[in-house]
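Structural overview
So you can see what is in the structure, the chains are spelled out below.
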Amino acid sequence: MINKIIKKIKEGQHFLITSHTKLDGDALGSELALYCMLSDLGKKAVIYNEDKTPDHYSFLPSAEKIANKLDDVSKFDVAFILDCSELERVGEKAKEIARIKTLINIDHHISNNGFSPLKLWDGQASSTGELIFRLFEKMRAKMSPEICTNLYAAILTDTGGFRYTNTTKDTLYAAGKLVENGADPQWISENIYENDSPVKIILMKKALETLSLDFQNQVGSLVVTKSALKESGATYEHTEGFVEIPRSVKGISVSILYTQLEDNYYKLSLRSKGKISVEKIAKKFGGGGHANAAACRIKGNIEVVKEEVLEAIKETR
Ligand SMILES: [Mn+2]
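Just so you know, these numbers come straight off a predicted model, no measurement behind them. (Residues numbered from 1 in each chain as written. Predicted model: local features only at pLDDT ≥ 70, side-chain atom pairs only at ≥ 80, totals over all residues. Heavy atoms only, no water.)

Re the domain arrangement of the chain
In terms of domain boundaries, the chain breaks down into domain 1 (2-193) and domain 2 (198-316). A C-alpha centroid distance of 27 Å is found between domain 1 and domain 2. The partner domain 2 presents 13 residues to the 12 residues of domain 1 that form the contact. Together, the buried faces of domain 1 and domain 2 total about 1100 Å²; carbon and sulfur atoms form 45% of this surface. The largest per-residue losses of area from domain 1 upon contact with domain 2 belong to K22, I110 and Y164, which jointly make up 43% of the total buried on that side. Counting the contacts that link domain 1 with domain 2 gives zero salt bridges. The tally of links between domain 1 and domain 2 comes to six residue pairs in polar contact (both at pLDDT 80 or more). Class assignment of the residues belonging to the side of domain 1 that touches domain 2 gives a composition of four nonpolar, five polar and three charged. (Domains from an automatic or database assignment. Contact = heavy atoms within 4.5 Å. Buried area = accessible area lost by both parts, 1.4 Å probe. Salt bridge = Lys/Arg side-chain N within 4 Å of Asp/Glu carboxyl O. Polar contact = N/O pair within 3.5 Å; in protein donor to acceptor, adjacent residues only side chain to side chain. Nonpolar A, V, L, I, M, F, W, Y, C, P; charged D, E, K, R; others polar.)

Rendered as structure tokens:
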């Protein structure tokens, strides 16, 4: 399969690169690394994302090239759909993108629905960035500092800074090679993790007031309400990383962030430590993800929603 993908890269002329809405470091770093590689080969490539690039990722090399508008797809012969378990994750343009002759899916979500026959998929890989690293090694692509910075950022963010159980020797091997070829770990981490706007910290303060600890402190959760967002002058983007806060409590196995989308409608981000699979919990509510990081959406009053989720956790354990 990987050789078929390499063949498509060599033969293709005009590439579309895209990823899911609610962009994260893995989606962006993977897209940009692929873009840099294709540009180095003299190919035409366009990165399209429905959502705007979050501020703390704007330092990534070539981030200014990302488009948030997609006009005519007929000029593309190949589309890369990165870090997406389903094509619909790319947003409103999914149907149009589906018309592009060759689709290549590079992804590591366990819940991948196999929408693309041509794919580089490994549910055990830490990140899409790690899979792209494997692809580049296999094709002996030139590892420029720009490519290495983007891939390092992808792997760093999807492993929570090399802390999650998806961090394997292969992950660290990739990271080592990326540093050897020009990625600067301190500079990348500072840009991503130590670059918060004051409104984010004000929102965090409000979120912390909602902390609940259940099942003898094994399950921790925070709630971000629409009013908290409004009062602090923050946006949804500012909640990134909040799900990690309860996760740092001693003995926690499941950490949840409830983000209010509408009056009785919540988005849940779930993280786990150890064996418990939050993917199974998210699946019960129509969501998906990985064993240690998953998401879903639930309708209802927050107190009822929280009860339902605790019940689901109890059944999963
Ligand atoms: Mn990912």
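Read on, since the account is not over.
Brief notes about the nonpolar core
Counting residues in each nonpolar core, the largest one holds 51 residues, and the members touching the most others are M37, L38, F80, I106, L135 and F136. Once residues within four sequence positions are removed from consideration, L135 is found in contact with I2, I5, I6, I9, I106 and L120. One finds Y258, C296, V305 and L310 within the second-largest nonpolar core, a separate group that totals 21 residues. (Core = buried A, V, L, I, M, F, W, Y, C linked by side-chain atoms within 4.5 Å. Buried < 20%, exposed > 50% of the residue type's maximum accessible area, 1.4 Å probe, protein only.)

Observations regarding the environment of K8
Among the secondary structure elements, K8 is positioned in helix α1 (residues 2-11). With 69 residues separating them in the primary sequence, K8 and D77 have C-alpha atoms 9.4 Å apart. Every residue in contact with K8, bar those within four places of it in the chain, is listed here: F15, V78, T102, I104 and L118. (Helix = DSSP H or I, 4+ residues; strand = E, 2+ residues; numbered from the N terminus.)

Topic: the sheet that holds strand β5 (residues 119-121)
Pairing is parallel in the open sheet, where five strands are placed in the order β2-β1-β3-β4-β5. Where the open sheet ends on each side, the last strands, each with one partner, are β2 (44-48) and β5. In this sheet, adjacent strand axes meet at a mean angle of 15 degrees when their direction is disregarded. Note that strand β4 (residues 102-107) and β5 share three bridges and pair parallel. When the sheet's bridge partners are listed, D107 is paired in β5 with W121. In the packing of helix α4 (residues 128-138) onto the sheet, the strands contacted are β3 (78-82), β4 and β5, and the crossing angle to β4 comes to about 115 degrees. (Pairing = 2+ DSSP bridges. Axes fitted to C-alpha atoms, helices over the stretch in contact; angles between N-to-C directions.)

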